[in-house]
Amino acid sequence: MQDSSGENNDQPAFIIGLGGTGQWVLTYLKSELMELNGGVMPDEVQLLGFDTQAPDVNLLKAGVGNATDGRMGQLTDAQVGNIRLDKNTEFFQIGSHLFDLVKEIRHSDFPRPEFDWLDAAYLENLGPLICNTIYGAGAYRQLGRLSLFNKVDAIYHRLHQGLQNGQRAVGGIGGGPANSLSVVIVTSLAGGTGSGIFIDIAWLLRTAAKSLGFAAYNLSLFVVMPTAWEQAGQDTDKRLRS
């Protein structure tokens, strides 16, 4: 792909968006990249979004969330003009009906140490609707993380595949420090999905890279803080400066 100066800039990148915010960032980025690249995505850039909420699910119509929150019906399935993420190659939905799993973990006769972090009693008391993360994690980070654990093998496969593609791209342009793969995670800390899984996603990426014997990559994280969703005002401004 050529940059604004007309020079080729074929640095490969693997950009991962988590939660609703991550999807919006990827969709805007896709729109900009396609505009700069003659209407098609540049070969050297991969986009991959992970979210609990299923595409085309409107939370307000499903009776989930706060009806006064105008964002609730549009967090997933982001669209910029006619540009959307490809649901087969650029998006992976991780939400599930988790209530039975929560009950199993809480009442199991055999402790499951991989879930030591989970407050299963609290989640069980929330009920089956809240624990159905097909409607999103509802700002419950534990539900976002449990969704990842529930589909961890498939998530790892998608990350491994992305790194493998990036490894080929780096090899194709000669390798070396100037030709490494840029791996970027984008998320918000305001919800339950991205804030609940971004550390695990980074760990899975490093594990996948190690399995590939791939070290020519740089991993970065871009985080949208909760205050980004607040209305501007004196109190907000003070917190931003503190």
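Remember, it's a predicted structure, so these values are computed and weren't measured experimentally.

## Description of the pairing of strand β1 (residues 13-18)
Among the six residues that make up β1, six are buried, leaving the element largely enclosed by the rest of the structure. Residue alternation in β1 divides its side chains into two sets, Ala13, Ile15 and Gly17 and Phe14, Ile16 and Leu18, and both sets are buried. Relative to strand β2 (residues 45-51), β1 runs parallel, the two sharing six bridges. From the neighbouring strand, Ala13 faces β2, where its bridge partner is Val45. Viewed along the sheet, the connection from β1 through helix α1 (residues 19-36) into β2 turns out right-handed. In terms of strand pairing, β1 meets strand β6 (residues 181-188) through five bridges, oriented parallel. Residue pairing across strands places Ala13 opposite Ser182, the latter belonging to β6.

## Points about α1
Taking 1.5 Å per residue, 18 residues should reach 26 Å; α1 reaches 26 Å between its end C-alpha atoms and fits that length. Every buried residue of α1 is accounted for by Gly19, Gly20, Thr21, Gly22, Gln23, Leu26, Thr27, Lys30, Ser31, Leu33 and Met34. Gly38 occupies a position one or two residues after α1 and carries a positive phi of about 70°.

## Topic: the nonpolar core
Ranked by size, the top nonpolar core spans 26 residues in total, and within it Phe14, Phe50, Ile155, Leu159, Leu163, Ile201 and Leu205 carry the most contacts. The set of elements that each furnish at least two residues to this core consists of β1, β2, α5 (152-172), β6 and α6 (194-212). Setting aside anything within four residues of it in sequence, one finds Phe50 in contact with Ile16, Gly17, Leu18, Gly19, Phe92, Ile94, Ile155, Arg158, Leu159 and Ile201. Formed by 13 residues, the second largest nonpolar core is a distinct cluster that contains Ala120, Leu123, Ala137 and Leu146.

## So, the side chain of Ser96
In this structure, Ser96 sits in the loop between β5 (91-93) and α2 (99-107). Look at Ser96 and you get buried, because its relative accessible area is 11%. Looking at Ser96, its side chain comes within polar contact range of the side chain of Asn150, at 3.2 Å. Apart from the residues within four sequence positions on either side, Ser96 is in contact with Cys131, Asn132, Thr133, Ile134, Asn150 and Lys151.

## Digging into the pattern of salt bridges
Summed over the entire model, instances satisfying the criterion amount to six salt bridges. A single network of salt bridges, built from pairs that share partners, joins Glu104, Arg112 and Glu114.

## A few points about a nonpolar patch on the surface
Together, Leu221, Val223 and Met225 make up an exposed nonpolar region whose accessible area comes to about 240 Å². One can find Leu221 in strand β7 (residues 217-224).

Basis of the calculations
Residues numbered from 1 in each chain as written. Predicted model: local features only at pLDDT ≥ 70, side-chain atom pairs only at ≥ 80, totals over all residues. Heavy atoms only, no water. Buried < 20%, exposed > 50% of the residue type's maximum accessible area, 1.4 Å probe, protein only. Helix = DSSP H or I, 4+ residues; strand = E, 2+ residues; numbered from the N terminus. Pairing = 2+ DSSP bridges. Right-handed = clockwise from strand over helix to strand, strands pointing away. Expected span 1.5 Å × (residues − 1). Core = buried A, V, L, I, M, F, W, Y, C linked by side-chain atoms within 4.5 Å. Contact = heavy atoms within 4.5 Å. Polar contact = N/O pair within 3.5 Å; in protein donor to acceptor, adjacent residues only side chain to side chain. Salt bridge = Lys/Arg side-chain N within 4 Å of Asp/Glu carboxyl O. Patch = residues over 30% accessible without salt bridge, like charges linked within 9 Å, V, L, I, M, F, W, Y side chains within 5 Å. Areas by Shrake-Rupley, 256 points an atom, 1.4 Å probe, with all protein chains shown as cover.

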